[in-house]
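Structural features, examined
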Amino acid sequence: MQYVITAYDFTDEDALSRRMANREAHLAGVKKLIAQGRFLSGGAILDDEGQMIGSTIHVAFENRSALDEWIDQDPYTLGRVWETFDIREVRLVPVDA
């Protein structure tokens, strides 16, 4: 199953510093997802000043429970970077279509 996740960061004054403190660990996890064929696309959501305020991610997991387990263990969740989530099942156009 494929999912799109839109995750918005906390908005307190320390939010960006927590994002930056957890960024390398988060990206290491993304690299593992890429190697597993689970990460399809994604990146940071930017505000009008170009500051990171959230993330969008397209991923493939066998079910919602597996996806939730990954989200619960991601450094951005554990590090209080992501505050709110919108998670939807999607069907992405294959790259080779």
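Sequence positions are assigned chain by chain, starting from 1 and proceeding in written order. The model is predicted, so local features are restricted to residues of pLDDT at least 70 and side-chain atom pairs to those at 80 or more, both for listing and for counting; the totals for chains, interfaces and linings are taken over all residues. To obtain the side-chain values, all non-hydrogen atoms of the structure were used and water was disregarded.

**A closer look at the sheet that holds strand β3 (residues 52-60)**
The sheet built from four strands is open, its strands ordered β2-β3-β1-β4 with antiparallel pairing. Each edge of the open sheet carries a strand with a single partner, namely β2 (39-46) and β4 (82-90). The sheet shows a mean angle of 15° between the axes of neighbouring strands, direction not considered. Across the sheet, helix α1 (residues 15-36) is in contact with β1 (2-9), β2, β3 and β4; its angle to β3 comes to roughly 15°. Here, two residues are considered to be in contact whenever any of their heavy atoms come within 4.5 Å of each other. Axis lines are fitted to C-alpha atoms, over the contacting stretch for helices. Their N-to-C directions set the angle, which ranges from 0 to 180 degrees. Each helix is a run of DSSP H or I of at least 4 residues and each strand a run of E of at least 2, with the numbering of both proceeding from the N terminus. Lying over the sheet, helix α2 (residues 64-73) contacts β1, β3 and β4, oriented at roughly 155° with respect to β4. Being paired, for any two strands, means DSSP has found at least two bridges between them.

**Digging into the environment of Asp-12**
Looking at the element boundaries, Asp-12 is found in the loop between β1 and α1. Each C-alpha atom, one on Asp-12 and one on Val-93, is 37 Å from the other, the two residues being 81 residues apart in sequence. Here a polar contact is recorded for every N or O atom pair within 3.5 Å, except that within protein the pair must consist of a potential hydrogen donor and a potential acceptor, and residues adjacent in sequence are included only if both atoms are side-chain atoms. Only 3.0 Å separates the side chain of Asp-12 from the backbone nitrogen of Asp-14, close enough to count as a polar contact. Only 2.9 Å separates the side chain of Asp-12 from the side chain of Arg-18, close enough to count as a polar contact.

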